Amino acid sequence: MLREKQQIIIGSRESKLAVVQSEMVADYLRKQHPQWEVRLLTMKTTGDRILDRTLDKIGGKGLFVKELDKALMERQSDLSVHSLKDMPMEISQELPLVAFSPREDPRDVLVLPKGCEHMDKSRPIGCSSLRRQLQLARIFPGVSCKNIRGNVLTRLEKLDRGEYGALVLAGAGLKRLGLESRISRYFDTEEMIPAAGQGILAVQGRRGGDYSYLKGYECRESRYAALAERGFVRELDGGCTSPVAAHARITGEELYLKGLYYRESTEEWFTDQVTGAVEEAEALGRNLAGSMRERYGV
């Protein structure tokens with residue numbers, strides 16, 4: 001039994017952000033169960049090692065969880081902690097998501113080189129997702145985007161060396177790293193729809209396990225938002241490189257969901273929204289995706 005062995009091993013990517021995020025879960029467990037030993041098992045994933053190609057060329061988001069999944073299956077770890085936005089849309093039934101954190105700021109942000117107050121529009125914006133690139137083209141007409149890989153600190157180093165005029169990153173990661181001061185501009189979720197799950201941490205376990213000890217960590221609103229947003233993207237077969245986006249807001253028992261649909265044949269994109277009961281979160285996501293495909297698809 002878990003309480004008999006009194007040890008929890010949390011699998012984590014080895015980047016500074018991943019470790020900070022995993023320690024957030026570890027700290028919760030240490031406070032709730034001070035008699036337990038809670039430690040991290042860090043590892044470099046395939047996605048972390050291959051930085052000279054875009055994700056669609058090397059296998060997608062699954063490469064960021066492959067090694068962590070293996071550690072869970074082989075019982076080297078008891079839990080894994082992930083940024084939900086970086087997880088594949090299809091999750092193995094053997095390794096379910098057992099808890100969702102309270103959501104940090106879901107917005108994308110603009111980061112300028114150190115010491116700069118205005119963006120140098122002659123240099124590209126460092127941006128690795130087509131979702132961001134499409135929306136940036138409306139916000140900054142005529143400014144080019146250039147792919148950038150690596151963890152947050154690596155990207156900031158490249159920015160400060162002058163390789164880019166600006167970066168677009170998830171505000172949640174910068175805040176968790178204590179780098180909120182680097183943020184030059186927040187993009188409202190209505191002008192730039194975030195990636196599904198952005199700002200939420202997902203805790204993954206093994207099928208059949210007892211995770212009642214995470215009950216106090218679990219955030220009900222985050223779970224409903226995750227179900228709606230991921231339901232929308234999954235319905236459209238959207239992966240890490242697909243320019244699909246969705247963002248949910250919850251007020252009481254009502255959920256508002258906005259989604260982005262990309263028409264590949266004409267390279268146009270459209271947005272639409274739906275409102276409904278939180279208990280219908282996943283169905284709302286699927287239904288919005290279906291109606292947008294019917295309305296805008298070719």
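Above this text you will find the structure in question.
All values reported here derive from a predicted model rather than from experimental measurement.

1. A word on the sheet that holds strand β10 (residues 201–204)
With mixed pairing, the five strands of this open sheet are ordered in space as β2-β1-β3-β10-β4. The strands lining the two open edges of the sheet, one partner per strand, are β2 (37–43) and β4 (97–100). Here the average twist between neighbouring strands, direction ignored, is 30 degrees. In this sheet, strand β3 (residues 79–83) lies alongside strand β1 (residues 7–13) in parallel orientation, the contact comprising two bridges. Of the residues in β3, the one forming a bridge with Gly11 is Ser80. Set on the sheet, helix α2 (residues 16–32) makes contact with β1, β2, β3 and β10; between it and β1 the angle comes to about 165 degrees.

2. What to know about the side chain of Arg176
Along the chain, Arg176 falls in helix α8 (residues 171–176). We note that Arg176 is buried and unpaired, the nearest opposite charge coming from Glu104 at a distance of 5.0 Å. Looking at Arg176, its side chain comes within polar contact range of the main-chain oxygen of Gly199, at 2.8 Å.

3. With respect to the nonpolar core
Within soluble globular proteins, side chains that are nonpolar generally end up buried alongside one another. Phe232, Leu255 and Leu257 are the most contacted members of the largest nonpolar core, which totals 23 residues. The element best represented in this core is helix α10 (residues 281–296), accounting for six residues. In terms of nonpolar packing, the next biggest core, distinct from the first, is built from 19 residues, Ile8, Val81, Tyr213 and Tyr217 among them.

4. Some words on the pairing of strand β12 (residues 254–263)
Of all 10 residues in β12, nine are buried; the element is thus mostly enclosed. Sheet analysis places strand β11 (residues 245–251) next to β12, joined by seven bridges and oriented antiparallel. Looking across to β12, one finds that Arg249 is bridged to Tyr256. Inspection of the sheet shows β12 paired to strand β13 (residues 268–277) by 10 bridges, in the antiparallel sense. Residue Tyr256 lies in a different strand from β13, and its bridge partner there is Thr275.

5. Some words on the environment of Gln204
Along the chain, the position of Gln204 falls in strand β10. In this structure Gln204 comes out as buried when scored by relative accessible area, which is 2%. Measuring from C-alpha to C-alpha, the distance between Gln204 and Leu72 comes to 8.8 Å, with 132 residues separating the pair along the chain. Residues in contact with Gln204, not counting those within four places in the same chain, are Asp69, Leu72, Asp78, Leu79, Ser80, His82, Met87, Ile91, Leu95, Pro96, Leu97 and Val98. A distance of 3.0 Å separates a polar atom in the side chain of Gln204 from a polar atom in the side chain of His82. Of the polar contacts made by the side chain of Gln204, one reaches the backbone oxygen of Leu95; its length is 2.8 Å.

6. Remarks on the packing of aromatic side chains
Tallied over the entire structure, the rule returns five aromatic pairs. A centroid spacing of 6.3 Å and a plane angle of 80 degrees characterise the contact between Phe140 and Phe187, whose relative ring orientation is edge-to-face. Taken as a pair, Phe140 in the loop between α6 (130–139) and β7 (145–146) and Phe187 in the loop between β9 (183–186) and β10 lie far apart in primary sequence, 47 residues in all. Note on Phe140: relative accessible area 11%, which makes it buried. For Phe187, a relative accessible area of 0% corresponds to the buried category. Summarising the aromatic geometry, the rings of Tyr211 and Tyr213 are spaced 6.0 Å apart at their centres and angled 55 degrees between planes, so their arrangement reads as tilted. For the pair Tyr211 and Tyr213, a shared accessibility class is recorded, and that class is buried. What links up through ring pairs into an aromatic cluster is the set Trp36, Tyr211 and Tyr213.

What counts, and where the lines are drawn
- Residues numbered from 1 in each chain as written.
- Predicted model: local features only at pLDDT ≥ 70, side-chain atom pairs only at ≥ 80, totals over all residues.
- Heavy atoms only, no water.
- Pairing = 2+ DSSP bridges.
- Helix = DSSP H or I, 4+ residues; strand = E, 2+ residues; numbered from the N terminus.
- Axes fitted to C-alpha atoms, helices over the stretch in contact; angles between N-to-C directions.
- Contact = heavy atoms within 4.5 Å.
- Buried < 20%, exposed > 50% of the residue type's maximum accessible area, 1.4 Å probe, protein only.
- Lys, Arg positive; Asp, Glu negative; His and termini not counted.
- Salt bridge = Lys/Arg side-chain N within 4 Å of Asp/Glu carboxyl O.
- Polar contact = N/O pair within 3.5 Å; in protein donor to acceptor, adjacent residues only side chain to side chain.
- Core = buried A, V, L, I, M, F, W, Y, C linked by side-chain atoms within 4.5 Å.
- Phe/Tyr/Trp six-rings, centres within 6.5 Å; stacked < 30°, edge-to-face > 60°.

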